[in-house]
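Okay, here's what each chain looks like letter by letter:
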Amino acid sequence: MTSQNSGNRKSRLPEAPATRPAESLKQDILRHVLYSLGRDTERPDRQTVFRALALSLRDRLVEKWIASQRDIYSRSSKRVYYLSLEFLPGPFLRENLIALGLENEAREALTDMGFGLDDVADEEYEPGLGNGGLGRLASCYLDSMATLRLPAYGYGIHYAYGIFYQLIKEGRQVERADNWLRGGTHWEFERSHYVHPVRFYGQVREWVDEQGRLRHSLENATTVMAMACDMFIPGHKNDYVLNMRLWAAKTSREFEFSFFNTGDYIGAVEEKIRDENISMVLYPNDEAPEGKELRLKQQFFLVSATIQDIVRRFRKKGIAWDQLPRKNVIHLNETHPAVAIPELMRILVDEELLTWEEAWYICVRTFAYTNHTVLPEALEVWPEDLFRRLLPRHLQIIHEINRRFLHDVRRQFPNDPNILGRVSLVHEGESRWVRMSHLAIVGSFSVNGVSAHHSEILKESVFHDFYKIFPERFNNKTNGITPRRWLRQCNPTLAWLITEHIGPEWLTDLAQLKKLEPYVNSEGFHRAWMEVRLRNKHKLAEYIRDKNGITVMPESLFDVHVKRFHEYKRQLLNVLHVIALYNRIRSSPGSVTVPRTYIFGGKAAPGYYMAKHIIRLINSVAYTINTDPRVGDLLKVVFLQNYCVTLAERIIPATDLSEQISTAGMEASGTGNMKFALNGAITIGTHDGANIEIMEHVGNENLFLFGLLSHEVNEMRSQGYNPRLFYERDSELREVLDMIAGGFFSPSEPHLFRDVVESLLNHGDRYMVLADFRSYVYRQQDAANAFMDQAAWARMSMLNTSRMGFFSSDRAVDEYAKDIWGVSGV
Ligand code: 73E
């Protein structure tokens, strides 16, 4: 560790003025315009003002962070380390202003300088350091950990390029690099002297030391340095601030004096670039890992640097190693950081010279693991050869963990020899694979799923053997979302209306929303509620007109399907229904009475052919429908490009109907479903993930569930599902599929979408789109009928919001803290 001496711990923080009103904030902004950004204070542009405001807030955050750290330190609290390959924080400005209670001051200060807060906030470019739900969940949880004052740290990777920027060109997804750092880093501190070495490759040397102990060390390793970049996450108006530490890769050679003196200058620079590639780019694959060597390097890079940080803090305490689990818990967000388990073993056994048993005792009490998906293709495995080459010592340790584990299993299940192959950490077939989920389960004291339904599936099928071996480890923690960002910040007028009626406590105690229920029968509240919603829809309509050049009616039913593109999320089912509606309008005008605006958004992994093809189909269908004069205002289809947190914040408050239509049993939880319902949208969804719990809370009569249940999906599959039968029996469905296959939506390339239809009719329809089509169409009709009665719809909308209290990430994190982590607020 080459960190600078942090100075006398007792030194005092600079005195802050007792209050920091708008004037003081304005002075800070101007000071940063001049001294940090080197611009004329007379004529700063909007971007400069945004950056100066961000820097002024960072000043306040860092003061509070230091004070919070001192608190944790002086109480010697147990710490939570949340390890995630992804974080998706979204834009920080408004969030930080709200948390610091400085929104009005900022507005005033900026007005004084001739700027509007909204315009300045629009200057922010969000860090897209995650793919979707998993990364966004990590960020919601940090927000809640800060609000609950937990002694917690987020650890991740400082990717130079986040999730790609999506353009739609001629109906197709085109990816552009997301250079989120181009405007500078105003929220973070880059700690260029705060680095840890990370060592890959090389060979394991076995030797016997003077005490006769067998020792292991790594020789000829390649070393890369991990540099800390810190971003601050404030709690809601509680003066408490957490740190999200993201590691950036730096060449180790710069730290070696001789590096640039070897004569081969260009070669030296090339090596530098190769080393720094590790944190260059986020893998854009959601739920289908690419299995590339660089990805495994990224995982180990995060893990090694983080464990060094944890161990460094623990060593300072000067207490015995067996106290590690009493003072720390390391949470693994999915299996992506699971190599932390052999890494901690390696440090304890190889470096600290604990016995295997001592070290293992510590490990299994330190780690906890959350599983987020049961899709077979998403369960992470690595070729053993690759592991051996990149992390030779870790593979040895995994083998030893496995040997001992299988030994115990054999004793526990003497009559079931097949169980050994099923639970082994290494899959043995033609080729050998390390199974990361098995490693994570065996090495953790807690394994949780992310909704009640998903956690049951883990116990009953995916990890059933492990559940028999370690029943006490399995538990459920239903996901949650932060009400600060997903109501207060993204929907300020609705938030204001709520606060006006029930006070502001809901912001940190979302169950308080229940207090809205008495108002659902008040006409005045009804009106105000629907006015706010309509205003939000007007704003989104303006955005759509600006971006897509399409005019949509704010009074129409806004039916929204935004999320990553994946076949199991069934955007295709939605579009089949859109086409069916289109056909009804054409064949019997007057049969469709509720005008609808369909809004789609989401990215497809760049290598996921079918997902990209479905995006193209949606855009082609949109073009056909939007330009058909027979349709008029009855139906509009819009694809908004580059769905991201910023865009979600615009869309969600303007949504009437929220599409959550995954094949039952496939969406572990979903969190978008919660964001929509919290903002008063009604869900149309399947019996899947957290939809089921949303139904239990808001009431069956306040959402539209349809489709097969997950056990029915399984039964239908095992009995030999025949999608053709549905095609043959259902003439409306048949017409839709024939149009797509026949080139109706791609007249210049009639065969363009044939393989979409093939995947349904001839390749088994893995996601049961055809099996659920009819019940979806019926339920959509119910939704349209309900929308015609605006008073009844308003009631449903209000009841959704008022009953969503359970889905706060504060509740979820509190459960993690009590049931898994054993920590409480400082
Ligand atoms: O159901 C969502 C869940 O709400 C699930 O698909 C998602 O996690 C959300 C938060 O719990 C998820 N993402 C991934 N696995 N599950 C994933 C896998 C590999 C790479 C990136 C993301």
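The shown structure was predicted, so the numbers you read here are calculated from the model rather than taken from an experiment.

*Asks:* Which residues make up the nonpolar core, and what values do they have?
*Replies:* Proteins that are soluble and globular tend to have nonpolar side chains buried together. The biggest cluster of nonpolar side chains holds 270 residues, and the ones touching the most others in it are Leu576 and Trp821. Core analysis: the second largest hydrophobic core is formed by five residues, Val195, Met225, Cys229 and Ala248 among them.

*Asks:* Can you break down the sheet that holds strand β17 (residues 557-562) residue by residue, with the values?
*Replies:* The sheet built from six strands is open, its strands ordered β19-β18-β17-β20-β21-β22 with parallel pairing. On the outer flanks of this sheet lie β19 (635-640) and β22 (704-706), each paired with one strand and no other. When the angles between neighbouring strand axes are averaged without regard to direction, this sheet yields 20°. Bridge count between β17 and strand β18 (residues 596-601): six bridges; the pairing is parallel. Residue pairing for β18: Val560 is matched across the bridge by Ile599.

*Asks:* With reference to specific residues and values, describe the packing of aromatic side chains.
*Replies:* Counted according to the given criterion, the structure contains 26 aromatic pairs. Put simply, the rings of Tyr81, Tyr153, Tyr155 and Trp247 touch in pairs and so form one group of aromatic residues. Directly above the ring of Tyr125 sits Arg182, whose terminal nitrogen or CZ lies 4.8 Å from the centroid. If you follow Arg365 out to its NZ or CZ, it ends over the ring of Tyr361, 3.6 Å from the centre.

*Asks:* Now, about the domain arrangement of the protein: what can you tell me, with residues and values included?
*Replies:* Looking at the assigned domains, one finds that the protein contains domain 1 (1-75 + 93-124), domain 2 (76-91 + 126-477) and domain 3 (550-787). Centre-to-centre, using C-alpha coordinates, domain 2 lies 36 Å away from domain 3. Across the boundary between the two partners, domain 2 contributes 34 residues, which contact 38 residues of domain 3. Contact between domain 2 and domain 3 buries roughly 2700 Å² in total, counting both sides, with carbon and sulfur atoms accounting for 52%. Our count for the domain 2 to domain 3 interface comes out at two salt bridges. Among the salt bridges present, the one from Arg766 reaches Glu377, with a minimum N-O distance of 3.2 Å. Counting across the domain 2 and domain 3 interface gives 16 residue pairs in polar contact (both at pLDDT 80 or more). Among the secondary structure elements, those contributing two or more residues to the side of domain 2 that touches domain 3 are α6 (133-147), β3 (165-169), β4 (172-176) and α16 (452-462). Split into classes, the residues belonging to the side of domain 2 that touches domain 3 amount to 15 nonpolar, 12 polar and seven charged.

*Asks:* If you had to explain the site of the ligand to someone new, which residues and values would you point to?
*Replies:* As a matter of local geometry, the ligand sits amid 18 residues, with Glu287, His372, Asn479, Glu667 and Gly670 nearest to it. Glu667 is positioned such that a nitrogen or oxygen atom in its side chain is 2.7 Å from an oxygen atom of the ligand. Contact between the ligand and Gly670: an oxygen atom at 2.8 Å from a main-chain N or O atom of the residue. Burial of the ligand by the protein chains amounts to 97% of its free accessible area of 480 Å². Taken together, the residues of the shell around the ligand break down into five nonpolar, nine polar and four charged. Per-domain counts for the shell around the ligand show at least three residues from each of domain 2 (76-91 + 126-477) and domain 3 (550-787).

*Asks:* Could you give an account of helix α21 (residues 571-587), with specific residues and numbers?
*Replies:* For α21, with 17 residues, the first-to-last C-alpha span of 25 Å sits near the 24 Å given by 1.5 Å per residue. Within α21, 14 of the 17 residues are buried, leaving the element largely enclosed by the surrounding structure.

*Asks:* Help me get a handle on the packing of helix α2 (residues 46-75) against helix α3 (residues 93-100), residues and values and all.
*Replies:* In helix packing, the relevant descriptors are the interaxial angle and the interaxial distance, both defined with respect to the helix axes. Where α2 contacts α3, the two axes come as close as 11 Å, and the packing angle between them is 45°. Accordingly, the angle class assigned to the pair α2 and α3 is oblique. For the pair α2 and α3, the sense of crossing is left-handed. Across from Phe50, Leu53, Leu57, Leu61 and Lys64 in α2, the residues of α3 making contact are Leu93, Asn96, Leu97 and Leu100. When grouped by side-chain class, the residues that make up the contact of α2 with α3 number seven nonpolar, one polar and one charged.

Calculation criteria
- Residues numbered from 1 in each chain as written.
- Predicted model: local features only at pLDDT ≥ 70, side-chain atom pairs only at ≥ 80, totals over all residues.
- Heavy atoms only, no water.
- Core = buried A, V, L, I, M, F, W, Y, C linked by side-chain atoms within 4.5 Å.
- Buried < 20%, exposed > 50% of the residue type's maximum accessible area, 1.4 Å probe, protein only.
- Pairing = 2+ DSSP bridges.
- Helix = DSSP H or I, 4+ residues; strand = E, 2+ residues; numbered from the N terminus.
- Axes fitted to C-alpha atoms, helices over the stretch in contact; angles between N-to-C directions.
- Phe/Tyr/Trp six-rings, centres within 6.5 Å; stacked < 30°, edge-to-face > 60°.
- Lys NZ or Arg CZ within 6 Å of the ring centre and 35° of its normal.
- Domains from an automatic or database assignment.
- Contact = heavy atoms within 4.5 Å.
- Buried area = accessible area lost by both parts, 1.4 Å probe.
- Salt bridge = Lys/Arg side-chain N within 4 Å of Asp/Glu carboxyl O.
- Polar contact = N/O pair within 3.5 Å; in protein donor to acceptor, adjacent residues only side chain to side chain.
- Nonpolar A, V, L, I, M, F, W, Y, C, P; charged D, E, K, R; others polar.
- Near = heavy atom within 4 Å.
- Areas by Shrake-Rupley, 256 points an atom, 1.4 Å probe, with all protein chains shown as cover.
- Expected span 1.5 Å × (residues − 1).
- Parallel < 35°, antiparallel > 145°, perpendicular 65-115°, else oblique.
- Left-handed = near helix turned anticlockwise from the far one by under 90°.

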